[in-house]
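Take a look at the letters that make up each chain.
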Amino acid sequence: MCGIIGINSNKSVSATIINSLKKLEYRGYDSAGIATLSNGLINEVKSEGRVDNLEKNSIVQNMEGNIGIGHVRWATHGLPNSINAHPHSSQNVSVVHNGIIENSTLLKKFLLARGHKFKSQTDTEVIVHLITENLKTENIIDSIKKTLKALHGSFALGIIFKDQPDLIVGARRGSPLAVGYGPNENYLGSDSYALKSMTNKITYLNDGEFCIVKKNHVEFFNDDGVKINKKVLELSSEEEKYDKGEYKHFMAKEIEEQPLTIKNGIDEYIDTANNDINIYNIPWKRDEISSITLVGCGTAYHSCLMAKYWFEELTSLDVNVDIASEFRYKKNRFKKDNLYVFVSQSGETADTYAALDLCNKNNMKTCAVVNVIESSIARDSEFVLPIHCGIEIGVASTKAFLGQILILYILALKLGLLRGDLEKKEFSKKLSDLKNLPKLIEETLLIDNKIQNISYTFNEAKGSMFLGRGFSYPIALEGALKLKELSYIHAEGYPAGEMKHGPLALIEEGMPVVVLAPRDNYYKKTISNMQEVIARGAKVLLITNKSKDEIVSENIWETIEVESTNEDLLPFLLTIPLQKLAYYSALKKGFDIDKPRNLAKSVTVE
Ligand code: F6R
């Protein structure tokens, strides 16, 4: 999941490429690189780590050339160092790539036998040499066609040629790629977001297509090399401005913004005048859906797990949840009356997109719950429910998680009402509780100092566990994920009732264990499970909600009480202390909170 930019202009491009790469860093920050063409030569500069490192390089600062390509990398093949950084170049060709070439080992063997010398450990370098090889006998278009046909796997490519001062080739299979149009210059980018500061006129390539980007003209081809016409889309020209403000990190800001996230969602989706939910345009009739499958990755998968409880509680639909990377390869029984819901902040996650693509190819009903409405998943879904939480920069998802579960809850309420599973009176009561949620989140966010102190204990531990039952179980998983990705502490989320079937063996004296036990149907059972871990020496942080009833339990290390509301909405509130716990723990360790090691915001490789 790397980021690609290409610019063909009548003025110098290096500074603009660097600026665009900064916007693409959410796709990877292992290394960055740029190649331009000037005086008939390819100049290439690459550096390990962030775009900032590349920018500081004095060669980049004086780099000439009106045509160039740039790349930010999330390493797949080969170490994250400057040798493996893109672009990769021969004397004739320079290439940036997002994706994975699955037959690179075989192709490399073939190319080595023909005398090509390799410098890096990447799969991408075979593309460079294959084009160079094909150019010996073919013209540009035919060499590209031949090269693309030989590649297995997924790619978005940007390619420049030593002898072609007015031409960038872009190609797409699997990984998204967009073309942008400007005055006397045209662009190539991994997505419209990277191009937004330059243009709002965009064409998206479809799978198998490639293009030739000239300064004043762009040509598109299908995979047989036949010229095709494509539409130019005009996107909103408003660039979303987003900075850290008074906060140290985007994540801190995004946690604190959550009352607003929920308020925006409520304003968009609740039709107060009609006491209804403003999803009136569902493209399927009530009886056309009898089951639902929710698909996502990581935090978005946890949103799906959370929603399963709500759909089961509020509707009579059968509900399945799948991790996208599993869904896409397993034997699925596609059913006409099943609704497939794809949940994704970025809308570009490769596995989630592939799962959607599979459903589309099988003519299934598809719905996207996404934050980025111009994304591939939103574009290719039949029905889109935007999250409206604004741009999220911190790699660890926080406000997008609450945004996703809000929309899924709202969808469950709406389908429950439409199907007659939920009485209007109960529906109205739930809507009215929902309207209070932003205020309750705001109050819960005030729990702060206590969590800061608690996070010390987690930092000193070898590992920790997060336990919950029912509605709280997906939140336990999410809490554990946040802690491990930010603080690099082993953390495991588990259903509290399952501990006795194995994981109890992990509990030892002083191990921090978070127990989520809100006053819901599961409360008493979870408290019993909590006693079992306390008895084995665990230091328990109990997170519950305020109640007039005392907590009847001894030897609890720490207790945090969130605000109270109806049971459906408690998961929103329980999430807040867990996000803060992970944040403060990483802060104390001095880790890079907004860009944790080995990760990227948008995961565009499978
Ligand atoms: C974790 C996190 C990831 C993402 C996952 C899916 O904090 O953010 O687990 O949730 O990579 O990303 P999207 O939602 O963009 O599909």
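These numbers come from a predicted model, not from an experiment.

### Quick word on the environment of V343
Piece 1. Its location among the elements puts V343 in strand β20 (residues 338-344).
Piece 2. In this structure the C-alpha to C-alpha distance between V343 and A324, which are 19 residues apart in sequence, comes to 9.7 Å.
Piece 3. Once residues within four sequence positions are removed from consideration, V343 is found in contact with V295, G296, A300, S303, C304, T352, V369, Q404 and L408.

### Points about the environment of I576
Piece 1. Its place among the elements puts I576 in helix α19 (residues 570-589).
Piece 2. Separated by 466 residues in the primary sequence, I576 and F110 have C-alpha atoms spaced 55 Å apart.
Piece 3. Once residues lying within four places of it in the same chain are set aside, the contact partners of I576 are Q258, L402, I441, T444 and L445.

### Describing the sheet that holds strand β13 (residues 218-221)
Piece 1. Judged by pairing direction, the sheet is antiparallel, and its 7 strands sit side by side in the order β5-β6-β7-β8-β12-β13-β14 without closing on themselves. Edge positions in the sheet fall to β5 (88-89) and β14 (227-228), since each of these pairs with one other strand and no more.
Piece 2. Alignment of strand β7 (residues 153-161) against strand β8 (residues 168-173), held across 5 bridges, turns out to be antiparallel. Across the sheet, the residue bridging to I159 is V169, located in β8.

### Structural notes on the domain arrangement of the chain
Piece 1. For the chain, the assigned domains are domain 1 (3-234), domain 2 (250-435) and domain 3 (448-589).
Piece 2. Across the contact, 8 residues belong to domain 1 and 7 residues belong to domain 2.
Piece 3. When the two sides are added together, the surface that domain 1 and domain 2 hide from each other amounts to roughly 680 Å², 47% of it contributed by carbon and sulfur.
Piece 4. Viewed at the interface, domain 2 and domain 1 are joined by 1 salt bridge.
Piece 5. K196 serves as the salt-bridge partner of E374, at 3.5 Å between the closest nitrogen and oxygen.
Piece 6. Along the lines of polarity and charge, the residues of the side of domain 1 that touches domain 2 split into 4 nonpolar, 1 polar and 3 charged.

### Examining the pattern of salt bridges
Piece 1. The final tally for this structure, using the stated rule, is 37 salt bridges.
Piece 2. A salt bridge links K146 to E138; the shortest N-O distance between them is 3.5 Å.
Piece 3. For E138, a relative accessible area of 25% translates into the label partly exposed.
Piece 4. Residues K462 and E508 are paired through a salt bridge, measuring 3.2 Å at the closest nitrogen-oxygen approach. Of this pair, K462 sits in the loop between α16 (449-460) and β23 (463-468) while E508 sits in the loop between β24 (490-495) and β25 (512-516); the two residues are 46 residues apart in sequence, bridging distant segments of the chain.

### Some words on the nonpolar core
Piece 1. One finds F311 and F466 to be the most contacted residues of the largest nonpolar core, which totals 91 residues.
Piece 2. No other element matches the 14 residues that helix α14 (residues 399-418) contributes to this core.
Piece 3. Counting only domains with at least three residues in this core, you end up with domain 2 (250-435) and domain 3 (448-589).
Piece 4. The residues contacting F466, other than those within four sequence positions of it, are F458, A476, G479, A480, L483, A491, E492, G493, Y494, V514, L578 and L581.
Piece 5. Among the nonpolar cores identified, the runner-up in size contains 25 residues, and I101, L130, I140 and L157 belong to it.

### Quick look at the environment of L37
Piece 1. Here L37 is to be found in strand β2 (residues 31-38).
Piece 2. For the pair L37 and R419, spaced 382 residues apart in the sequence, the C-alpha separation amounts to 61 Å.
Piece 3. Sequence-distant contacts of L37, defined by excluding residues within four places in its chain, comprise I42, N43, G65, N66, I67, I160, F161, K162, Q164 and P165.

### Examining the layout of surface pockets
Piece 1. Empty space within the second largest pocket amounts to approximately 590 Å³.
Piece 2. Residue assignment for the lining of the second largest pocket shows that the elements contributing at least two residues are α10 (298-314), β20, α12 (350-361) and α17 (472-487).
Piece 3. When grouped by side-chain class, the residues that make up the lining of the second largest pocket number 12 nonpolar, 12 polar and 6 charged.
Piece 4. In terms of domain composition, the lining of the second largest pocket takes at least three residues from each of domain 2 (250-435) and domain 3 (448-589).

### A word on the side chain of Q404
Piece 1. With respect to the helices and strands, the residue Q404 is situated in helix α14.
Piece 2. Residues in contact with Q404, not counting those within four places in the same chain, are T299, A300, S303, V343, S344, Q345, V369 and I387.

### Focus: the site of the ligand
Piece 1. The local shell around the ligand holds 15 residues, among which S344, Q345, S346, T349 and E485 are the closest.
Piece 2. In the environment of the ligand, an oxygen atom lies 2.6 Å from a nitrogen or oxygen atom belonging to the backbone of Q345.
Piece 3. Take V395: an N or O atom from its main chain is 3.3 Å from an oxygen atom of the ligand.
Piece 4. Taking 400 Å² as the accessible area of the ligand by itself, protein coverage stands at 90%.
Piece 5. Assessed atom by atom at 2 Å from the grid points, the ligand resides in the second largest pocket.
Piece 6. Counting only elements with at least two residues in the shell around the ligand, the list comes to α10 and α17.
Piece 7. For the shell around the ligand, the per-class residue count stands at 6 nonpolar, 7 polar and 2 charged.
Piece 8. Each of domain 2 (250-435) and domain 3 (448-589) accounts for three or more of the residues forming the shell around the ligand.

### Quick look at the state of the cysteines
Piece 1. A complete count under the given rule lists 0 disulfides for this structure.
Piece 2. Considering cysteine sulfurs only, C2 is the nearest to C211, which forms no disulfide, with 18 Å between them.
Piece 3. A relative accessible area of 0% places C211 in the buried class.
Piece 4. C304 provides the cysteine sulfur closest to C389, a residue in no disulfide bond, and the two sulfurs are 15 Å apart.

### Points about the packing of helix α9 (residues 258-269) against helix α15 (residues 424-444)
Piece 1. Two elements in contact, α9 and α15, have axes whose closest approach is 8 Å; the angle formed by their N-to-C orientations is 170°. Looking at the two axes, α9 sits roughly antiparallel to α15. Together, Q258, P259, I262, K263 and I266 of α9 and L434, K435, L437, P438, I441 and E442 of α15 make up the contact between the two elements.
Piece 2. Of the residues in the contact of α9 with α15, the class split is 7 nonpolar, 1 polar and 3 charged.

### Digging into the packing of aromatic side chains
Piece 1. Within the structure shown, the criterion is met by 11 aromatic pairs.
Piece 2. Geometrically, the ring pair formed by Y583 and Y584 is edge-to-face, given 5.3 Å between the ring centres and 75° between the ring planes. In this pair, the class of Y583 matches that of Y584, namely buried.
Piece 3. Members of the aromatic cluster, joined through ring pairs, are W310, Y409 and F572.

### Describing the sheet that holds strand β18 (residues 291-296)
Piece 1. One open sheet accounts for 5 strands, arranged β19-β18-β20-β21-β22; its pairing is parallel. Bordering the open sheet on either side are β19 (318-323) and β22 (383-386), each of which pairs with just one other strand. The average angle at which neighbouring strand axes cross in this sheet is 20°, direction not considered.
Piece 2. Relative to β19, β18 runs parallel, the two sharing 6 bridges. For L294, the partnering residue across the bridge sits in β19 and is V321.
Piece 3. Contacts between α10 and the sheet are confined to β18, β19 and β20, with β18 contributing the most and set at about 160° to the helix.

Scoring rules and cut-offs
Residues numbered from 1 in each chain as written. Predicted model: local features only at pLDDT ≥ 70, side-chain atom pairs only at ≥ 80, totals over all residues. Heavy atoms only, no water. Helix = DSSP H or I, 4+ residues; strand = E, 2+ residues; numbered from the N terminus. Contact = heavy atoms within 4.5 Å. Pairing = 2+ DSSP bridges. Domains from an automatic or database assignment. Buried area = accessible area lost by both parts, 1.4 Å probe. Salt bridge = Lys/Arg side-chain N within 4 Å of Asp/Glu carboxyl O. Nonpolar A, V, L, I, M, F, W, Y, C, P; charged D, E, K, R; others polar. Buried < 20%, exposed > 50% of the residue type's maximum accessible area, 1.4 Å probe, protein only. Core = buried A, V, L, I, M, F, W, Y, C linked by side-chain atoms within 4.5 Å. 1 Å grid on protein atoms, 1.4 Å probe; cavity = no way out; pocket = protein on both sides within 12 Å on 5 of 7 lines; lining within 4 Å. Points joined across faces, edges and corners; volume = space filled by probe spheres on them. Near = heavy atom within 4 Å. Polar contact = N/O pair within 3.5 Å; in protein donor to acceptor, adjacent residues only side chain to side chain. Areas by Shrake-Rupley, 256 points an atom, 1.4 Å probe, with all protein chains shown as cover. Sits in = over half its atoms within 2 Å of the grid points. Disulfide = S-S within 2.5 Å. Axes fitted to C-alpha atoms, helices over the stretch in contact; angles between N-to-C directions. Parallel < 35°, antiparallel > 145°, perpendicular 65-115°, else oblique. Phe/Tyr/Trp six-rings, centres within 6.5 Å; stacked < 30°, edge-to-face > 60°.

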